[in-house]
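Coordinate inspection notes
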Amino acid sequence: AQSVTQLGSHVSVSEGALVLLRCNYSSSVPPYLFWYVQYPNQGLQLLLKYTSAATLVKGINGFEAEFKKSETSFHLTKPSAHMSDAAEYFCAVSGAGGTSYGKLTFGQGTILTVHP
Amino acid sequence: EAGVTQSPTHLIKTRGQQATLRCSPISGHTSVYWYQQALGLGLQFLLWYDEGEERNRGNFPPRFSGRQFPNYSSELNVNALELEDSALYLCASSATLGPQETQYFGPGTRLLVL
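Everything numeric here is computed off the predicted structure, so don't read it as measured data. (Residues numbered from 1 in each chain as written. Chains lettered and ligands numbered in written order. Predicted model: local features only at pLDDT ≥ 70, side-chain atom pairs only at ≥ 80, totals over all residues. Heavy atoms only, no water.)

Notes on the state of the cysteines
Residue and element names in this part refer to chain A. Going by this rule: Note on disulfides: each one is a pair of cysteine sulfur atoms within 2.5 Å. Secondary structure elements are defined from DSSP: runs of H or I of at least 4 residues count as helices, runs of E of at least 2 residues count as strands, and each element is numbered from the N terminus.
Evaluation of the coordinates by the stated rule reveals two disulfides over all chains. Residue pairing for C23: its cysteine sulfur links by disulfide to C91, the two sulfurs lying 2.0 Å apart. Disulfide C23-C91: torsion about the S-S bond near -60°, hence left-handed. Within this pair, whereas C23 is found in strand 3 (residues 19-26), its partner C91 is found in strand 9 (residues 87-94), the two being separated by 68 residues in sequence.

Spelled out as structure tokens, the structure:
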């Protein structure tokens, strides 16, 4: 069975500060990992995804994530936070087979607040 | 290119009624997925359709059902509505099969059961 754990349901940073959102996964097979962002009253927007081509993945809006197999982690970072980054962020793992095939299993989400 | 569209945006029903939610995938996408985002429960996978067939189903009772039409649009039906069915229902689509495929999400339908 696959699962995702996001450490910290709320993260607060100052504008211009580093953003670090943590995600750890559990998967019996090499995982495909995704980060999505959800703005209030909207659907999910893909930030980036890991598909084993490179361990450091660059996404939209200056975000990037590093896949670390030894730590089973896929943390999301951004060097300098902007007010417009305030949203809820979800880490997800994609199922490769069996009952997990075709579905995304999401973490519980992290709400990012950016202070001026 | 138009994204995933869902209708209606909001739906209010009473307990015991039936709700029908609709989704149009991105043009060219054959797979459609449904997720429920309920307060306190997070995002949970409901159903996956591809080429008109149900490919996988999440841990939901049979009163949650759906179908995919020949034009790849999809419908989610929820029968005998219960208060805890109140949630945001998100539809997503992908171009092909495979765990590496990106699922693109629509804006959702917010269902309120009174």
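That shown, we press on.
Describing the interface of chain B and chain A
Here is the rule we go by: The contact definition used throughout considers only heavy atoms, calling two residues in contact when any of these lie within 4.5 Å. Two parts lose some accessible area (1.4 Å probe) when they are put together, and adding that loss for both gives the buried area. Two N or O atoms form a polar contact when they lie within 3.5 Å of each other; inside protein one atom must be a possible hydrogen donor and the other a possible acceptor, and for residues adjacent in sequence the pair counts only when both atoms belong to side chains. By the convention adopted, Pro, Cys, Tyr, Trp, Phe, Met, Ile, Leu, Val and Ala count as nonpolar, Lys, Arg, Asp and Glu as charged, and the other residues, Gly among them, as polar.
Every contact between the two is made by 20 residues of chain B and, on the other side, 23 residues of chain A. Here chain B meets chain A over a buried area of about 1,700 Å², counting both sides, of which 57% is carbon and sulfur. Among the residues chain B hides against chain A, the three largest losses belong to L43(B), P99(B) and F105(B). Together they make up 33% of the total. Our enumeration of links across chain B and chain A arrives at seven residue pairs in polar contact (both at pLDDT 80 or more). Elements represented by at least two residues in the side of chain B that touches chain A include exactly strand 4 (31-38), strand 5 (42-50) and strand 9 (87-94) of chain B. Across the side of chain B that touches chain A, the residue classes tally to 11 nonpolar, seven polar and two charged.

Structural notes on the sheet that holds strand 1 (residues 3-7) of chain A
Residue and element names in this part refer to chain A. This is how it is decided: We call two strands paired when DSSP finds no fewer than two bridges between them. Every axis corresponds to a line fitted to the C-alpha atoms, with the helix fit spanning only the stretch in contact, and the corresponding angles, defined between N-to-C directions, vary from 0 to 180 degrees.
Here five strands make up an open sheet; going across it, the order is 1-3-8-7-6 and the pairing antiparallel. At either margin of the open sheet sits one strand with a lone partner, and together these are strand 1 and strand 6 (56-58). On average, adjacent strands in this sheet sit at an angle of 20° to one another, irrespective of strand direction. In this sheet, strand 8 (residues 73-78) lies alongside strand 7 (residues 64-68) in antiparallel orientation, the contact comprising five bridges. When the sheet's bridge partners are listed, K68 is paired in strand 8 with S73.

Section: the nonpolar core
As a reminder, the rule being used: Take the buried residues of types Ala, Val, Leu, Ile, Met, Phe, Trp, Tyr and Cys, join any two whose side-chain atoms come within 4.5 Å, and each joined set is a nonpolar core. Only protein chains enter the area calculation, which uses a 1.4 Å probe; residues under 20% of their type maximum are buried, those over 50% are exposed, and those in between are partly exposed.
Counting 27 residues, the largest nonpolar core has W35(A), L47(A), L48(A), F74(A), L76(A) and Y89(A) as the members making the most contacts within it. Broken down by secondary-structure element, the contributors of at least two residues to this core are strand 2 (10-14), strand 3, strand 4 (32-38), strand 5 (44-50), strand 7, strand 8, strand 9 and strand 11 (110-115) of chain A. Ignoring anything within four residues of it in the chain, the contact list for F74(A) reads C23(A), L33(A), F34(A), W35(A), L48(A), Y50(A), V57(A), A65(A), E66(A) and F67(A). Counting residues in each nonpolar core, the second largest holds 22 residues, with L11(B), C23(B), L81(B) and A87(B) among its members.

Thoughts on the sheet that holds strand 3 (residues 19-24) of chain B
All names here are of chain B. One open sheet accounts for four strands, arranged 1-3-8-7; its pairing is antiparallel. Only two strands of the sheet have a single partner each, and these edge strands are strand 1 (5-7) and strand 7 (64-68). Recorded for the sheet is a direction-independent mean angle of 20° between the axes of neighbouring strands. Strand direction decides the pairing type here: strand 1 and strand 3, joined by three bridges, are antiparallel. Bridging from a neighbouring strand, Q6 pairs with C23 of strand 3.

Describing the side chain of N56(B)
Secondary-structure assignment places N56(B) in strand 6 (residues 53-57). On the basis of relative accessibility, which here comes to 11%, the residue N56(B) falls in the buried class. What N56(B) contacts, discounting residues up to four positions off in sequence, is G98(A), T99(A), S100(A), Y101(A), F45(B), L46(B), L47(B) and W48(B).

Structural notes on the pattern of salt bridges
All names here are of chain B. Put simply, the test is: Only one rule defines a salt bridge in this text: a Lys or Arg side-chain nitrogen within 4 Å of an Asp or Glu carboxyl oxygen.
Counted by the stated rule, this structure contains seven salt bridges over all chains. Notably, a salt bridge pairs D85 with R63, separated by 2.7 Å at the nearest N-O pair. Placement of D85 in the loop between strand 8 (74-78) and strand 9 and of R63 in the loop between strand 6 and strand 7 is noted, with a sequence separation of 22 residues between them. Both residues of the pair, D85 and R63, belong to the buried class. Within the structure, one salt-bridge network assembled from shared partners comprises R22, R67 and E75.

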